[in-house]
Amino acid sequence: MRGILSVIAVATSLFAGYLDAKEIDFNRDIRPLLSDRCFACHGPDEADREADLRLDVEEVAKESAIVPGDVQASELVARITIEDPDLRMPPEESGKSLSPDEVELLTRWVAEGAPYQQHWAYVPPQKHDIPEVEEASWPVNWIDPFIFDRLTREGLSPSQGADRVTLIRRLSFDLLGLPPTPQEVTDFTHDETEQAYELLVDRLLESPHYGERMAVYWLDLVRYADTVGYHGDQDHSISPYRDYVINAFNRNLSFDQFTREQLAGDLIEGSNIEQKLATGYNRLLQTSHEGGVQPKEYLAIYAADRVRNVSAVWLGATMGCCQCHDHKFDPFTMKDFYSMEAFFADVDEAQHFKVGGNSLPTNRPPELELPTDEQSQQLEELNNAITACEAQLKDANEETKAPLEERLKELKSRRDDVKRSVRRSMITVALAEPRTVRVLPRGNWLDDSGPVVGPSVPEFMGRLDSERPTRLDLANWLTNAEEGAGLLTARVMVNRLWYLCFGSGLASDLDDFGGQGHPPVHPELLDNLAIEFVESGWDIKYILKLIMMSRTYRQSSLDTAELREHDPLNWLYGRQSRFRLPAEMVRDTALAISGLLVTKIDGDSIRPYQPEGYYRHLNFPTRTYTADTDERQWRRGVYMHWQRQFLHPMLKAFDAPSREECTAQRPRSNTPLAALTLLNDPTFVEASRVFASRVLTEAGDTTDARLDFVFQQALSRNPDELERSVLTELLNRSRADLQEHPDAATALLDVGLAPHHDDLDPIELAAWTSVTRSVLNLNETITRN
């Protein structure tokens, strides 16, 4: 609550500077107040509406509570200013109140005529003129004038440009999720041509690691995980869907087609394997494989899960709020919720109730088998051998029958082994007859008294001209910028792309564009970006490059006293942002710096080192975690096994979500647990050891030369004098301590599977491992500037 209040306070102060000079804007200044303090009782939800008063609908509000321009005659003003606590609004029992400034703001709004506006998110974006700015040399592209103009109106100035080392590190983390190599830094900093920066952006966008970085974010949105979530949290087969996402980003698949393939790839005429794999999206939700599960209950749970996710991912809407009642803050109704659910009534999701169970992985048909060429050949040969053996058995005598039966048993066992090794992935197959969908009163799956509904988009957003619209119709509507929700979808997506480039969105609530979300600080810029996204052919790489080529993106992240005072959350973008890397990138960075990182793309989920006994509470079946013992141990974090109930402790320490619901923005905590993870998790200890061995074999012979090597590899710079002094002292103390306790050196160096350098002095290697552990634990190492 304190965090929410602090954001509101900052927003209030941000706008206060020019509220006196400008007329009040309903969406920016009034709607957030009414939504937060009034709409729960006087908003869209008819069931809980008090006094038959709606303040979200202009006509109704002005019939009963607001007299435009007449403060004295307006009941709204009377009820927020009256001293009697029994009559004052909002009521004390609501836990809500209005500050004197907010009361004055609402009163002034009424005095000025109480003009309403349609909610900003549901007004189609318009192409706005690019502001003219005095410093014509500052803008690099059309994004910059919007930022510069707003800063100027606030009496602020943009920050100076970041240095080249910062820029290449920023771009590398933002586009690849990896630090640049020292050679890449040298090449860029020594290239003085005008095209150097743009060429760097282009090169990074074409890297296969770009798809991995973007997939991390998308998998959060669609709640990808390797386990079912409920009850026994068994593994399920879905990793090929993750490969599809990575490849789609690398191919720069247009976002509208990306949408179609995931929601309805099976309905695309002549759909290929990739498009079928894409429909794994519809199967990502949590399921239960407990023996006594009620299919009707869980089909209702699954259906509601899908509505929540689709509306959050594509519309930035919180439709989950109207599963049991009309939305209290936005114009979504219960009928809208169940009509959206009806689009997915043809998804075959009930088979697992009969054939699921506690196997690992559990069965969740329909599933697509994906044998390699080698596996296909093995299966063909085994099938032929089995057929021949069965034919021989028909004519076998007593003497040859037993050996042939044994031979047949062996062949079938080998075939079963090959089949078990074949990758499978859940896909969507449309039922011939979709399930009947009803509005469930209060969301109660046992109550069949509600009306039957068919597939339909939210009523206030239009309609589809089809007798029974399909998932493909829904996907097309979500990306139709002329007659559907395409421009809203574009707004939502470009806001998230901006977030990936700055650490915050132009509209700060990435998952709620409704009444409870905060309006954009730069609405005209957001509009233009949304339109540009559509006109570019829904080209994600194009939008990312557009943002990254701007001078706004290239600013320093160092904040001045002036910016810190007037814009502490950097909503005006007078500087760049600095923030800790996401969990997977923290791990990837350590592996990359050490030289351990395996850069293979695609494949099954990997299992890094994990504390023994962490899965002891997992049952049905009980299981023991077995870490990988080959190169998979050092693959990227995007491939880590995602156990919903028991998320890997390293991921959890760095705020990765369990992926039970859509996560559009991860929290960023700063805790001792994270620092202890960096210091003691076997992955980071092993990375430190291997990094230290590189120091002793690749750097010079002096301590200073080696420290330079450490910093260049990890931070793309040399240490300053203080850092050099502190780390030299650490090295000397560690060396002396380890000489007295050689067993401690042995224990430290035995962590991890990576091969040892037997020709290195173990005491010296362990001492330098202490140094590299410290550097990998630095805030700067895991921070994007």
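Computed from a predicted structure; not experimentally measured.

1. So, the overall build of the protein
Secondary structure assignment for the protein yields 32 helices and four strands. The C-alpha atoms of the protein give 30 Å as radius of gyration, which agrees with the globular expectation for 785 residues (28 Å, within 12%). Of all 785 residues assigned to the protein, the portion counted as buried reaches 54%. Contacts in the protein between residues far apart in sequence, at least 24 positions, make up 72% of those at least 6 positions apart. Accessible surface computed for the protein: about 34400 Å², of which carbon and sulfur atoms make up 50%.

2. Concerning the state of the cysteines
Tallied over the entire structure, the rule returns zero disulfides. Cysteine Cys 321 remains unbridged, with the sulfur of Cys 322 as its closest cysteine sulfur at 7.1 Å. Cys 321 sits in the partly exposed class, given a relative accessible area of 37%. In this structure Cys 662 is not part of a disulfide, and its nearest cysteine sulfur, from Cys 321, lies 13 Å away. On the accessibility criterion, Cys 662 (17% relative accessible area) is buried.

3. Re the domain arrangement of the protein
Note: interface size is frequently given as the accessible area lost on complex formation between the parts. Looking at the assigned domains, one finds that the protein contains domain 1 (4-117), domain 2 (223-368 + 422-479), domain 3 (372-421) and domain 4 (579-785). Centre-to-centre, using C-alpha coordinates, domain 1 lies 52 Å away from domain 4.

4. Side note on unusual backbone geometry
Residues Pro 365 and Pro 366 are joined by a peptide bond in cis, for which omega reads 5 degrees. You can see Pro 366 is positioned in the loop between α17 (352-355) and β1 (367-370). A cis geometry characterises the amide bond from Phe 620 onward to Pro 621, with omega recorded as -5 degrees. Looking at the secondary structure, you find Pro 621 in the loop between α25 (583-594) and α26 (649-653). A positive phi angle, close to 65 degrees, is found at Arg 659, a residue other than glycine. Take Arg 659: it is sitting in the loop between α26 and α27 (672-680).

5. Let's talk about the confidence of the model for the protein
Looking at the protein, pLDDT values average 94 and 97% of them are 70 or higher. Below a pLDDT of 50 lies the segment residues 1-21, which in the model reaches 22 contacts outside its immediate sequence neighbourhood of four places, other chains included.

About the cut-offs
- Residues numbered from 1 in each chain as written.
- Predicted model: local features only at pLDDT ≥ 70, side-chain atom pairs only at ≥ 80, totals over all residues.
- Heavy atoms only, no water.
- Helix = DSSP H or I, 4+ residues; strand = E, 2+ residues; numbered from the N terminus.
- Rg over C-alpha atoms; globule rule 2.2 N^0.38 Å.
- Buried < 20%, exposed > 50% of the residue type's maximum accessible area, 1.4 Å probe, protein only.
- Contact = heavy atoms within 4.5 Å.
- Areas by Shrake-Rupley, 256 points an atom, 1.4 Å probe, with all protein chains shown as cover.
- Disulfide = S-S within 2.5 Å.
- Domains from an automatic or database assignment.
- pLDDT = per-residue confidence, 0-100.

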